[in-house]
Amino acid sequence: MLFLIPAYLSENSPMEQFAPIIKEYILKTDYFFVENEKTARKVIKFFAPEKKQSDLKLFLLDKYSETSDLQESQTLMKNGQDFGLLSEAGLPCIADPGNLMVKWCHENNIKVIPINGPSSIILALISSGFNGQEFTFNGYLPIDKSEKKSKIQWLENQVQKTGYSQIFMETPYRNNQLLEDLIKFLNPNTKLCIAANINDPQTEFIKTLSMKDWQKNKPELHKIPAVFVLGK
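Let us look at the structure shown here. (Residues numbered from 1 in each chain as written. Predicted model: local features only at pLDDT ≥ 70, side-chain atom pairs only at ≥ 80, totals over all residues. Heavy atoms only, no water.)

### Some words on a nonpolar patch on the surface
Argument step 1. Together, Ile122, Ile126 and Phe135 give the surface a local cluster of nonpolar side chains, amounting to about 270 Å² of exposed area.
Argument step 2. Tracing the chain through its elements places Ile126 in helix H5 (residues 120-128).
Argument step 3. Note on Ile126: relative accessible area 62%, which makes it exposed. (Patch = residues over 30% accessible without salt bridge, like charges linked within 9 Å, V, L, I, M, F, W, Y side chains within 5 Å. Areas by Shrake-Rupley, 256 points an atom, 1.4 Å probe, with all protein chains shown as cover. Salt bridge = Lys/Arg side-chain N within 4 Å of Asp/Glu carboxyl O. Helix = DSSP H or I, 4+ residues; strand = E, 2+ residues; numbered from the N terminus. Buried < 20%, exposed > 50% of the residue type's maximum accessible area, 1.4 Å probe, protein only.)

So, in structure tokens, the structure goes:
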């Protein structure tokens with residue numbers, strides 16, 4: 001079986017927010033697909049501190065991985081070994097490369113077990129006040145200035161034309177610059193939700209304002225995990 005195990009969004013998240021079954025599944029296996037070994041070990045220790053770190057067998061599964069890179073783990077699974085799949089943050093396979101192994105499991109008749117947990121994308125959307133019936137997750141915006149400008153204005157046009165909420169992210173150290181670009185390129189009346197440090201009881205910040213109001217009240221977002229949502 002492949003257990004899809006959620007990670008916390010914040011290390012300060014109270015344990016009460018998570019289903020006890022997460023720990024149960026972590027204790028069921030020593031074999032895990034991980035996007036980052038250091039992060040994965042911290043997540044496993046958070047949920048199951050009694051788990052021996054020396055027993056863990058971690059297999060790297062990141063955005064550069066291909067199915068052919070994972071033959072050893074695939075052979076183990078075909079021979080009956082259970083695996084867990086851990087994301088860097090939140091749910092596996094959303095803004096995360098884990099779907100590669102999930103697809104392989106379906107193709108090879110291996111049971112996939114999803115476990116309930118937080119998703120920053122969904123939590124940002126439901127906190128925004130925008131359309132939650134119809135929405136699009138756009139991932140990361142282009143780095144190139146002209147391409148980024150075009151994408152931002154295209155997203156705004158989609159909101160106005162279709163009513164779909166438009167969700168996107170940025171690498172945390174570029175968040176402040178992204179906000180400057182949004183203020184610069186969007187109509188002053190266009191509404192934006194910024195959801196930062198979601199699930200952190202001390203520093204969580206979620207607010208929806210028009211761009212003209214964001215210009216007057218710019219939050220400090222440098223190196224802070226954040227999700228941005230455009231809507232109406």
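### Some words on the side chain of Thr29
Argument step 1. The residue Thr29 is located in the loop between helix H1 (21-28) and strand S2 (31-34) in this model.
Argument step 2. For Thr29, a relative accessible area of 2% corresponds to the buried category.
Argument step 3. At 3.5 Å, the side chain of Thr29 and the side chain of Gln81 are in polar contact.
Argument step 4. Here Asp82 takes part through its backbone oxygen, which lies 2.7 Å from a polar atom of the side chain of Thr29.
Argument step 5. Discounting residues that sit within four places of it in the chain, Thr29 has contacts with Phe3, Lys51, Gln81, Asp82, Phe83 and Gly84. (Polar contact = N/O pair within 3.5 Å; in protein donor to acceptor, adjacent residues only side chain to side chain. Contact = heavy atoms within 4.5 Å.)

### Some thoughts on the environment of Tyr25
Argument step 1. Structurally, Tyr25 is set in helix H1.
Argument step 2. Tyr25 sits in the buried class, given a relative accessible area of 13%.
Argument step 3. Separated by 121 residues in the primary sequence, Tyr25 and Ser146 place their C-alpha atoms 46 Å from one another.
Argument step 4. Leaving out residues up to four positions away in the same chain, Tyr25 has contacts with Phe3, Ile113 and Ile115.

### What about the pattern of salt bridges?
Argument step 1. Evaluation of the coordinates by the stated rule reveals nine salt bridges.
Argument step 2. Note that Glu170 is salt-bridged to Arg174, the shortest N-O span being 3.5 Å.
Argument step 3. Note on Glu170: relative accessible area 3%, which makes it buried.
Argument step 4. Residue Arg174 is classed as partly exposed on the basis of its relative accessible area of 23%.
Argument step 5. Ionic pairing is found between Glu180 and Lys218, a salt bridge with its closest N-O pair at 3.0 Å. Residue Glu180 is located in helix H7 (residues 175-185), and its partner Lys218 is located in the loop between helix H8 (211-216) and strand S10 (226-231); the two are separated by 38 residues in the primary sequence.
Argument step 6. With a relative accessible area of 35%, Glu180 lands in the partly exposed category.
Argument step 7. The partly exposed category is assigned to Lys218, whose relative accessible area is 42%.
Argument step 8. One salt-bridge network, held together by shared partners, links Lys145, Lys148 and Asp181.

Remember that the coordinates give geometry; whether it matters functionally is a separate question.
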